[in-house]
Amino acid sequence: MRYRQLTTGTLALGVLLLIDVLRVWLPGIITIFGQAASTPAELMGAFALGWFVLALGAPAVVRRVGARPVTVVAAVALAVARLTLTAAPGGRTQLWVATAGLLAGLVWLVGVAADTDRPVPGLALGFAVNAAVHAVLDTVDLVWRGDGVAWLLSVVAVTVFLVGTAQPGQRGGTDAARTATVDGPDGPAEARRGPGGGRAWLVAGPALLLAAMVALSPALARTGMSYLVGDGVARSPLFGLAPVPVAVAGFLGAALTRPPRGWGRAYGPAALLSGAVLFALDRGDLLLPAILLAAVGLGACLALTDDSADDSTDHASDAADASASRRGYAVAAGMLVFALGAVGYYSAYDLGYPNAAVPVVVAVLIAAVAFTARPVAHRRPGPFPPLRATAAVTSLALLAPVLADEVPVASNREGPPQRLTVVAYNIRMGFGLDGRFDLTGLAEVVDRQRPDVVLLSEVDRAWLLNGGHDTLDLLADRLGMPYVFGPAADPVWGDAVLSRWPVRDPRSLPLAAVGAPTGAQALAVTLDLGDGVRTAVVSTHLQPPPGTGPVVQARAVADFAIRYAAGRPLVVGGDLNTEPGDEAFAEFTRAGLVDALAAARPLATSPADDPRQQIDHIFVSPQLTAADPVAPRSTASDHLPVAVTVTLPPR
């Protein structure tokens, strides 16, 4: 039993380390290899897919060299890369270390697959523990934290993983037959590899994709909770991480228990498909049911592959070697599906094609492989009691709503203020110019302006491509300002308003794409400044069509803002992707708005390390007087923030 528990735990730890590396490598493709959107999306996709295609050669290496040497070497490389990433200075060094760690992790998976015919307990524990830890850490992984506690926990995880990998006899560690033959009459364990596990390894990659995107994403869970108000926008939620332990319990309980017989086996595939379809509908109010259905369905589908038999039951050496090779190719192919799904889904936001089918197609693949699996007559017991394992991981996840949920509260000060300080900032999903996730840098440059209201663009709340963080909630916590979020590209990508004053009557206006692939919107809110004083604020991020300016969108935003303000003082700001003198810029002045940054022109804001373009702006209505416009220097994003202080009209 100790062998089986140790190997299952080692597999789970390896999955944790691989996901950590992916959460650095995936955003590195955009922020480092992508060169701030100057690299064609097709080239970025080819770079991403190439490493997964290269891993398809690993099973041949395993067959020639042997599984154990390959597994040990790859495990060491994965562990070294994981620790190095925490200390990496960013830039190309970070990208290539993450790439090396990714390739090592893929090869390690192939080596483990060759010797493990029952991977589901280890995979399921890896996915579930990762979700629980990610939630407890408030969606900021240890790899991005440089403090002593983060280093200690990282070193402990890596050390335990390497010790588990180095233990002798780690061949097919979750195989009950293997444990029985260690002292049995049939020779060494190497001669008794089981023939099964191919289906489970095949769905490992697709399952990882859906787990990280939907079923076990703490950031998506919190985002779903923030849409509960039901008015089309999202607000700072109470106990935003509360769905995480429910999803973890449903997933792990379904994955570790034996599925029902007959047509009862269909409940897992049906639930998974339902969750994927709800997610694909791109509606914030459907995120919570999508998560919970996908979690239970994904766990049940994994259980079906764990409860399946291969066509061959021959334990002869040649048959066992062939089965081991099939498992290696299965996991490599499954991880290629992971890459194809991720690239296919997120490339749509650059290339402009529909992507809603991607999670559904991946769910169909998993469901088909699981449902068509042939059940075994006598299922071997797992390495851990299902109820205890589920309870333990769920208990860890239950810490998240207590430890990681903070809810900043806006409250009226005494009397209406005479002035408001406004900051507009394109935060590039929280990643600095060096490709590091830099919440501290973002919060510091904003907080130095002592803002009353902050308008944010390029706000990401759960994209796996960007590491699966809830950047908005994290930044709101650091600034002590609650938020209102307006979805643009989808329910987890858009613009936000953070305010120290209570916010009323939020409205979001979707903007016509006019040929631009990424969606856009305008988010309007009303600041309640006390004693009946109200000020309207609009946050937006214009997306120009190829080769032209965002004239149509600028006109729509200006008209919407004027109508929404209805004569009250008005502030409009964000990344407008237009410069003074351009036709799109003129749409705001033609609407009667005043350039609040005019006194400091030229005031370039992009790129942040060598600003040449004036594309981030703040406009105000004539009854507001703007002063002290600045664009403070920072490399926490690829844009500089712009800030201005406006004086309210006398009462």
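The structure displayed is predicted, hence computed values, not measured ones. (Residues numbered from 1 in each chain as written. Predicted model: local features only at pLDDT ≥ 70, side-chain atom pairs only at ≥ 80, totals over all residues. Heavy atoms only, no water.)

Caption draft 1: Highlighting the overall build of the chain. The helix and strand tally for the chain stands at 21 helices and 15 strands. Based on the C-alpha atoms only, the size of the chain along its principal axes is roughly 95 × 45 × 45 Å. Residues classed as buried in the chain amount to 60% of the 651 residues present. Relative to all contacts within the chain whose residues are 6 or more apart in sequence, the contacts with residues 24 or more apart total 78%. When the accessible area of the chain is evaluated, it comes to approximately 23,100 Å², of which 62% is carbon and sulfur surface. Across the chain, 47 positive and 52 negative side-chain charges occur, with their mean positions spaced 6 Å apart. (Helix = DSSP H or I, 4+ residues; strand = E, 2+ residues; numbered from the N terminus. Buried < 20%, exposed > 50% of the residue type's maximum accessible area, 1.4 Å probe, protein only. Contact = heavy atoms within 4.5 Å. Areas by Shrake-Rupley, 256 points an atom, 1.4 Å probe, with all protein chains shown as cover. Lys, Arg positive; Asp, Glu negative; His and termini not counted. Charge placed at Lys NZ, Arg CZ, Asp CG, Glu CD.)

Caption draft 2: Molecular detail of the sheet that holds strand E12 (residues 594–595). Strand order across the open sheet formed by 6 strands is E8-E9-E10-E11-E13-E12, with mixed pairing between neighbours. Strands at the two margins of the open sheet, each flanked by one partner only, are strand E8 (503–511) and E12. As paired elements, strand E10 (residues 534–541) and strand E11 (residues 570–575) share 6 bridges and run parallel to each other. Bridging from a neighbouring strand, Val 538 pairs with Val 572 of E11. Across the sheet, helix H20 (residues 551–565) lies against E8, strand E9 (520–528), E10 and E11, angled at about 155 degrees from E8, the strand it touches most. Here helix H21 (residues 583–590) sits on the sheet and contacts E11, E12 and strand E13 (616–620); the angle it forms with E13, its principal contact strand, is near 15 degrees. (Pairing = 2+ DSSP bridges. Axes fitted to C-alpha atoms, helices over the stretch in contact; angles between N-to-C directions.)

Caption draft 3: Quick peek at unusual backbone geometry. Going from Arg 601 to Pro 602, the amide bond is cis rather than trans, its omega being -5 degrees. With respect to the helices and strands, the residue Pro 602 is situated in the loop between E12 and E13. The step from Ser 606 to Pro 607 runs through a cis peptide bond, and the omega angle for that step is -5 degrees. Within the secondary structure, Pro 607 is located in the loop between E12 and E13. Even without glycine at this site, Asp 282 takes up a positive phi of about 55 degrees. Mapped onto the fold, Asp 282 is located in the loop between helix H13 (267–280) and helix H14 (287–306).

Caption draft 4: Local environment of helix H12 (residues 243–256). Helix length check: H12, at 14 residues, gives a terminal C-alpha distance of 20 Å against a target of 20 Å (1.5 Å per residue), a fit within 8%. For H12, the tally of buried residues reaches 11 of 14 residues, placing the bulk of the element in the interior. Buried within H12 we find Pro 243, Val 244, Pro 245, Ala 247, Val 248, Phe 251, Leu 252, Gly 253, Ala 254, Ala 255 and Leu 256. (Expected span 1.5 Å × (residues − 1).)

Caption draft 5: Focus on the layout of surface pockets. There is about 430 Å³ of room inside the second largest pocket. What lines the second largest pocket is a set of 20 residues, among which Leu 16, Val 129, Val 133, Leu 142 and Ala 157 lie closest to the centre. Going through the elements one at a time, helix H1 (2–33), helix H6 (120–136) and helix H7 (148–166) are the ones with two or more residues in the lining of the second largest pocket. Among the residues making up the lining of the second largest pocket, the classes are represented as 13 nonpolar, 3 polar and 4 charged. (1 Å grid on protein atoms, 1.4 Å probe; cavity = no way out; pocket = protein on both sides within 12 Å on 5 of 7 lines; lining within 4 Å. Points joined across faces, edges and corners; volume = space filled by probe spheres on them. Nonpolar A, V, L, I, M, F, W, Y, C, P; charged D, E, K, R; others polar.)

Caption draft 6: Up close: the sheet that holds strand E4 (residues 419–426). The mixed open sheet is built from 7 strands, whose spatial order is E1-E6-E7-E5-E4-E15-E14. Two strands lie at the open edges of the sheet, namely strand E1 (234–235) and strand E14 (625–630), each paired on one side alone. Strand contacts of helix H19 (residues 471–479): strand E5 (453–460), strand E6 (483–490) and strand E7 (493–499), with the helix running at about 155 degrees to E5, the strand carrying the most contacts.

Caption draft 7: Focus on the packing of H13 against H14. Two elements in contact, H13 and H14, have axes whose closest approach is 7 Å; the angle formed by their N-to-C orientations is 145 degrees. Crossing hand, H13 versus H14: left-handed. Facing Tyr 267, Gly 268, Pro 269, Ala 271, Leu 272, Ser 274, Gly 275, Leu 278 and Phe 279 of H13, the residues of H14 in contact are Leu 287, Pro 289, Ala 290, Leu 293, Ala 294, Val 296, Gly 297, Leu 298, Ala 300, Cys 301 and Leu 304. Residues that form the contact of H13 with H14 fall into these classes: 16 nonpolar, 4 polar and no charged. (Left-handed = near helix turned anticlockwise from the far one by under 90°.)

Caption draft 8: The nonpolar core, seen in detail. Counting 156 residues, the largest nonpolar core has Trp 25, Phe 52, Trp 201, Leu 216, Phe 251, Leu 456 and Leu 498 as the members making the most contacts within it. Setting aside residues no more than four positions away along its own chain, Leu 498 makes contact with Asp 452, Val 453, Val 454, Leu 456, Leu 472, Ala 476, Leu 479, Met 481, Pro 482 and Tyr 483. With 30 residues, the next largest nonpolar core counts Val 503, Leu 597, Ala 631 and Val 642 among its residues. (Core = buried A, V, L, I, M, F, W, Y, C linked by side-chain atoms within 4.5 Å.)

Caption draft 9: Quick look at the packing of helix H18 (residues 439–447) against H19. Two elements in contact, H18 and H19, have axes whose closest approach is 10 Å; the angle formed by their N-to-C orientations is 50 degrees. The angle between H18 and H19 places the two elements in the oblique class. Once H18 is placed against H19, the crossing between them reads as right-handed. Two secondary-structure elements touch here, H18 through Leu 439, Leu 442, Ala 443, Val 446 and Asp 447 and H19 through Thr 471, Leu 474, Leu 475, Arg 478 and Leu 479. In terms of residue class, the contact of H18 with H19 is built from 7 nonpolar, 1 polar and 2 charged. (Parallel < 35°, antiparallel > 145°, perpendicular 65-115°, else oblique.)

Caption draft 10: Quick look at the pairing of E7. Of all the 7 residues making up E7, 7 are buried; the element is thus mostly covered by neighbouring parts of the structure. Sheet analysis places E5 next to E7, joined by 6 bridges and oriented antiparallel. Bridge pairing in E7 links Val 459 to Gly 494. Linking E6 to E7, which pair antiparallel, is a turn of 2 residues.

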